[in-house]
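Residues per chain, in single letters:
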Amino acid sequence: MVSKSEPLAEGTVIMADDQFAGRGQQENTWHSQSGLNLTFSIYLRPHFLPVEHQFKLNMAVSIGVITALKDYLNAGLKIKWPNDLYYNNRKLGGILIENTISSGSIKSSIIGIGLNVNQLDFESHLENKACSLIQILHKQVDLIALLGKICHCIEVEYLNLRAAKPKDQQSLYLENLYQFGEISSYKSKNTMFEGRISGVSEEGKLLVFHQGKAHSYGLKEIEFLDNN
């Protein structure tokens, strides 16, 4: 049990064996079968990051998770904006970052990560939308080994972010971004349209090129439509 009177050390990892109704982006829920998947949180203190650049933390964490998973998967692995994890049009996992803001900077961050690992069966309405590593690899994956690899890769990207090294994390994020540069279908304000993701703004908004120019969208302002 974590003490409420003592602050957590930066880098503390808390792993949950069961998770029901876990929260995701846009009030989505996350259901995880007991002992089969990874559901954990990492506590960070990115004081160096101004509020207006908080999406850089999202990019660093997403790149870290993708890098770790590429040791298991080759092609087909993508980050769906802002930070869901997809494999061939199906959701493999998700990331939720909650920041505490103080004096224009981020005081602390809780990085919540859920990943489908050894779960074979999903609820009927998710069968064609979700997938797991065991379904892709046809073998079980060691949860603790995978956790260690993900945490290590996130640490590497976080330290690069903190040190302001020239490594271009935005380029890496875009390189691994789901539907980046592709003509795909979207919906915004009850209007369906075809567009092409052209980037992500400094504030973390999705840039989609259509009607002759790039439009920016925040959370809940755009919906990805099924292109299958």
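Scroll up for the structure.
## Overview of the sheet that holds strand β12 (residues 213–217)
Okay, step 1: Pairing in this open sheet of 5 strands is antiparallel, and the strands run β12-β11-β10-β9-β13 from one edge to the other. The open sheet has two edge strands with one neighbour each: β12 and β13 (223–224).
Okay, step 2: Of the strand pairs in this sheet, strand β9 (residues 183–188) and β13 are connected by 2 bridges, and their pairing is antiparallel. For Tyr186, the partnering residue across the bridge sits in β13 and is Phe224.

## A short note on the packing of helix α1 (residues 55–69) against helix α3 (residues 143–162)
Okay, step 1: Close contact between α1 and α3 brings their axes to 8 Å; oriented N to C, the two are set at 140°. The orientation of α1 with respect to α3, classified from their angle, is oblique. Where α1 crosses over α3, the handedness of that crossing is right-handed. Contacts from Lys56, Leu57, Ala60, Val61, Ile63, Gly64, Val65, Thr67, Ala68 and Leu69 of α1 reach α3 at Leu146, Lys149, Ile150, Cys153, Ile154, Glu157, Tyr158 and Leu161.
Okay, step 2: Of the residues contributing to the contact of α1 with α3, the split by class is 13 nonpolar, 2 polar and 3 charged.

## Some words on α1
Okay, step 1: Here α1 is 15 residues long and its end C-alpha atoms lie 21 Å apart, about the 21 Å a rise of 1.5 Å per residue gives.
Okay, step 2: α1 sits mainly inside the fold: 13 of its 15 residues count as buried.

## Details of the sheet that holds strand β7 (residues 90–102)
Okay, step 1: Ordered by their spatial adjacency, 6 strands build an open sheet running β1-β4-β8-β7-β6-β5, and the pairing between neighbours is antiparallel. Both edges of this open sheet fall to β1 (13–16) and β5 (77–80), since each of them pairs with a single strand only. The sheet shows a mean angle of 20° between the axes of neighbouring strands, direction not considered.
Okay, step 2: Note: strand β6 (residues 84–87) against β7, 4 bridges, orientation antiparallel. In the strand pairing of β7, Tyr86 is matched with Lys91.
Okay, step 3: Lying over the sheet, α1 contacts β4 (38–44), β5, β6, β7 and β8 (105–115), oriented at roughly 145° with respect to β7.
Okay, step 4: Strand contacts of α3: β1, β4 and β8, with the helix running at about 30° to β4, the strand carrying the most contacts.

What counts, and at which threshold
Residues numbered from 1 in each chain as written. Predicted model: local features only at pLDDT ≥ 70, side-chain atom pairs only at ≥ 80, totals over all residues. Heavy atoms only, no water. Pairing = 2+ DSSP bridges. Helix = DSSP H or I, 4+ residues; strand = E, 2+ residues; numbered from the N terminus. Axes fitted to C-alpha atoms, helices over the stretch in contact; angles between N-to-C directions. Parallel < 35°, antiparallel > 145°, perpendicular 65-115°, else oblique. Left-handed = near helix turned anticlockwise from the far one by under 90°. Contact = heavy atoms within 4.5 Å. Nonpolar A, V, L, I, M, F, W, Y, C, P; charged D, E, K, R; others polar. Expected span 1.5 Å × (residues − 1). Buried < 20%, exposed > 50% of the residue type's maximum accessible area, 1.4 Å probe, protein only.

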